[in-house]
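The chain contents come next:
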2 protein chains.
Amino acid sequence: MISRNEAKYIQSLYHKKNRDAEEVFVAEGVKLVAELLNSHAGIKTIYALATWVKHNPEVQNVVTVSESELKRISGFETPNEVVAVIQKKIIANIPEVRGKITLMLDGIQDPGNLGTIIRTADWFGVENIIAANDTADVYNPKVIQASMGSFIRVNIFYTDLKQFLSANAIPVYGSVLNGEDISSVEPPAECLLVTGNESRGIRNEILPFIQKKITIPRVGKADSLNAAIATGIILWKFCKRN
Amino acid sequence: MISRNEAKYIQSLYHKKNRDAEEVFVAEGVKLVAELLNSHAGIKTIYALATWVKHNPEVQNVVTVSESELKRISGFETPNEVVAVIQKKIIANIPEVRGKITLMLDGIQDPGNLGTIIRTADWFGVENIIAANDTADVYNPKVIQASMGSFIRVNIFYTDLKQFLSANAIPVYGSVLNGEDISSVEPPAECLLVTGNESRGIRNEILPFIQKKITIPRVGKADSLNAAIATGIILWKFCKRN
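Residues numbered from 1 in each chain as written. Chains lettered and ligands numbered in written order. Predicted model: local features only at pLDDT ≥ 70, side-chain atom pairs only at ≥ 80, totals over all residues. Heavy atoms only, no water.

Draft legend 1. Local environment of the nonpolar core. Ranked by size, the top nonpolar core spans 108 residues in total, and within it Phe 151, Ile 216 and Phe 238 of chain A together with Phe 151, Ile 216 and Phe 238 of chain B carry the most contacts. Filtering out sequence-adjacent residues up to four positions away, Phe 151 of chain A remains in contact with Phe 25, Leu 32, Leu 36, Lys 89, Ile 118, Val 138, Tyr 139 and Ile 144 of chain A. (Core = buried A, V, L, I, M, F, W, Y, C linked by side-chain atoms within 4.5 Å. Buried < 20%, exposed > 50% of the residue type's maximum accessible area, 1.4 Å probe, protein only. Contact = heavy atoms within 4.5 Å.)

Draft legend 2. Quick look at the side chain of Arg 119 of chain B. Structurally, Arg 119 of chain B is set in helix α6 (residues 111-123). No salt bridge is formed by the buried Arg 119 of chain B, whose closest oppositely charged neighbour, Asp 122 of chain B, lies at an N-O distance of 8.0 Å. Separated by 2.9 Å, the side chains of Arg 119 of chain B and Ser 224 of chain A make a polar contact. Contacts of Arg 119 of chain B, omitting those with residues within four sequence positions, involve Ala 222, Ser 224, Leu 225 and Asn 226 of chain A together with Ala 146, Ser 147, Met 148 and Ser 150 of chain B. (Helix = DSSP H or I, 4+ residues; strand = E, 2+ residues; numbered from the N terminus. Lys, Arg positive; Asp, Glu negative; His and termini not counted. Salt bridge = Lys/Arg side-chain N within 4 Å of Asp/Glu carboxyl O. Polar contact = N/O pair within 3.5 Å; in protein donor to acceptor, adjacent residues only side chain to side chain.)

Draft legend 3. Just helix α9 (residues 227-239) of chain A, in detail. All names here are of chain A. In this model, α9 (13 residues) spans 18 Å end to end at C-alpha, consistent with the 18 Å of a helix rising 1.5 Å per residue. Here α9 lies mainly inside the structure; 13 of its 13 residues are buried. Put simply, Asn 226 is the residue that caps the front of α9, since its side-chain oxygen is 2.7 Å from the backbone nitrogen of Ala 228. (Expected span 1.5 Å × (residues − 1).)

Draft legend 4. Geometry of the sheet that holds strand β6 (residues 128-132) of chain B. Residue and element names in this part refer to chain B. In spatial order, the strands read β7-β6-β5-β9-β8-β10; together these 6 strands make up an open sheet with parallel pairing. Edge positions in the open sheet fall to β7 (155-159) and β10 (212-215), since each of these has one partner strand only. The average angle at which neighbouring strand axes cross in this sheet is 35 degrees, direction not considered. Relative to β10, strand β8 (residues 172-181) runs parallel, the two being bridged by 5 bridges. Within β10, the position partnered with Tyr 173 by the bridge is Lys 212. (Pairing = 2+ DSSP bridges. Axes fitted to C-alpha atoms, helices over the stretch in contact; angles between N-to-C directions.)

Draft legend 5. Region of interest: the packing of α6 of chain B against helix α9 (residues 227-239) of chain B. Residues and elements named next belong to chain B. Viewed as axis vectors pointing N to C, α6 and α9 meet at an angle of 10 degrees, and their least axial separation amounts to 9 Å. Taken together, the axes of α6 and α9 lie roughly parallel to each other. Facing α6, whose interface residues are Asn 113, Thr 116, Ile 117, Thr 120 and Ala 121, α9 presents Ala 228, Thr 231, Gly 232 and Leu 235. Residue composition of the contact of α6 with α9, by class: 4 nonpolar, 5 polar and no charged. (Parallel < 35°, antiparallel > 145°, perpendicular 65-115°, else oblique. Nonpolar A, V, L, I, M, F, W, Y, C, P; charged D, E, K, R; others polar.)

Draft legend 6. Representation of the interface of chain B and chain A within the structure. At the junction of the two partners, chain B supplies 33 residues and chain A supplies 33 residues. The contact between chain B and chain A buries some 3,200 Å² in all, and 64% of this surface belongs to carbon and sulfur atoms. Summed over the three residues of chain B that lose the most area to chain A, namely Arg 119, Trp 123 and Trp 236 of chain B, the buried surface amounts to 26% of that side. On inspection of chain B and its partner chain A, the count reaches 2 salt bridges. A salt bridge links Asp 223 of chain B to Lys 31 of chain A; its shortest N-O distance comes to 2.7 Å. Run the count over chain B and chain A and you get 18 residue pairs in polar contact (both at pLDDT 80 or more). Of all the elements in the fold, those that place two or more residues in the side of chain B that touches chain A are α6 and α9 of chain B. No other element matches the 7 residues that α9 of chain B contributes to the side of chain B that touches chain A. Looking at the side of chain B that touches chain A residue by residue, the class counts come to 14 nonpolar, 9 polar and 10 charged. (Buried area = accessible area lost by both parts, 1.4 Å probe.)

Draft legend 7. Layout of the relation of the copies chain B and chain A. Its rotation angle being 180 degrees, the transformation that places chain B on chain A also includes 0.0 Å of axial translation and leaves an RMSD of 0.0 Å. Taken together, these values place the two copies in the relation of a two-fold axis. A symmetric contact is evident, with 100% of the interface residues of chain B recurring at the interface of chain A. (Least-squares fit on C-alpha atoms with pLDDT ≥ 70 in both.)

Draft legend 8. Inspection of unusual backbone geometry at higher detail. Although it is not a glycine, Asn 61 of chain A adopts a positive phi angle of roughly 55 degrees. Even without glycine at this site, Glu 23 of chain B takes up a positive phi of about 55 degrees. Looking at the element boundaries, Glu 23 of chain B is found in the loop between α2 (16-22) and β1 (24-28). Judged by relative accessible area, which is 43%, Glu 23 of chain B ranks as partly exposed.

Draft legend 9. Quick look at the sheet that holds strand β4 (residues 82-87) of chain A. All names here are of chain A. The 4 strands are arranged β1-β4-β2-β3 in an open sheet whose pairing can be described as mixed. The sheet is open, and its two borders are formed by β1 (24-28) and β3 (62-64), each paired with just one other strand. Neighbour-to-neighbour, the strand axes of the sheet open up by a mean angle of 20 degrees, direction not taken into account. Both β1 and β4 contribute to a ladder of 5 bridges, which runs antiparallel. Residue pairing in the sheet places Ala 27 in a bridge with Ala 84 of β4. On the sheet, helix α3 (residues 30-38) packs against β1, β2 (43-48) and β4 and is oriented at approximately 130 degrees with respect to β1.

This is the structure:
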């Protein structure tokens with residue numbers, strides 16, 4: 001049984017403003033909540049159907065809810081047994097960028113794109129993502145869904161990119177429309193790899209920091225390549241095991 | 001001014017059943033409608049704000065609508081000036097697969113994934129996609145939006161894959177979890193490249209047709225790679241200009 005106030009509180013967390021103020025977010029679905037439980041995330045409360053509760057007797061702070069109650073607090077069209085309110089992970093220290101490949105996102109807006117980029121980074125062993133402050137929120141439910149649990153493992157650090165780039169001496173690569181063909185680019189041992197916003201690309205104030213401009217040449221006729229696809233191709237080239 | 005019946009008719013086209021019965025679909029936004037006009041698509045009716053009509057005086061079959069009317073017939077949260085009802089493209093002949101790279105989709109479900117795959121195919125010069133009958137509908141508004149106009153140029157042919165594979169003698173490649181590392185696969189001059197459904201992969205009945213199983217090896221910890229990202233990486237490797 002869930003109180004009206006509790007339901008309202010959970011619904012309020014679908015807005016970034018409230019997630020920021022409360023320092024929590026909503027994650028849902030059997031598989032994702034299991035991953036969060038395994039990862040020792042700071043789980044505040046779990047709202048679940050009786051079937052889920054029966055299969056997870058050891059889990060604490062669980063409120064058993066009916067299907068209609070679950071529907072009311074879920075962000076899915078078809079809720080999947082369990083909704084959890086989780087403490088945000090606080091990234092206290094600036095991520096170390098030396099000696100590895102780190103992604104830098106200059107304002108990716110689409111939550112699906114961001115989630116897919118996080119999942120792709122996780123596949124290729126990228127530990128950290130530095131994101132411009134106007135990048136979509138990692139705790140947006142659509143980002144969480146598209147990242148498929150990878151947001152638990154990959155750190156997203158929101159900051160002023162210009163300031164970050166000025167303070168860190170490391171090779172900076174960026175994907176642009178008129179750079180060097182990625183086929184002939186030697187994979188670096190360490191770099192920041194900048195991906196621009198879906199429609200405007202990399203901001204003018206960031207471009208001067210990019211030492212190596214790279215491009216995935218077009219063979220056919222599409223206007224542009226999706227930002228997550230471009231990132232995936234470059235990460236595969238840069239992060240392959242030898 | 002749009003009649004109540006007309007508005008109802010357009011809203012009905014957000015359901016596949018009605019698109020199939022009427023052989024039309026809805027496309028919207030200034031850029032996409034301009035592309036459709038340029039591509040000589042069979043445009044039935046255009047519903048547009050007065051500003052759009054003023055900038056496109058030569059276009060026929062235009063109904064001028066108010067902002068609130070546009071909102072009622074649009075699938076977007078923020079409509080973008082124009083909504084068009086378009087005749088579906090009828091692909092009369094089975095696409096020719098010899099001598100080129102053709103994508104084969106074994107039940108991709110997510111409209112965003114399908115749209116991104118179409119856009120990526122268009123970027124790499126893939127002309128045709130053969131899709132299992134249970135693949136998402138190319139005329140789903142979310143597919144159209146994610147494809148960014150590429151659905152106009154890339155043919156999607158829905159069919160029974162098993163029958164198609166039995167009838168066409170051509171090398172068949174498939175992306176699976178335990179295949180040969182894509183890094184060591186020689187790009188073929190012609191092939192069908194099969195991508196499986198997001199959760200179950202390639203169906204058991206299709207697997208025996210695959211002569212070359214390929215994999216993008218995991219470096220990090222994600223459970224799986226997004227289907228569109230995997231397709232993008234393989235297409236880049238196979239379709240690069242020399």
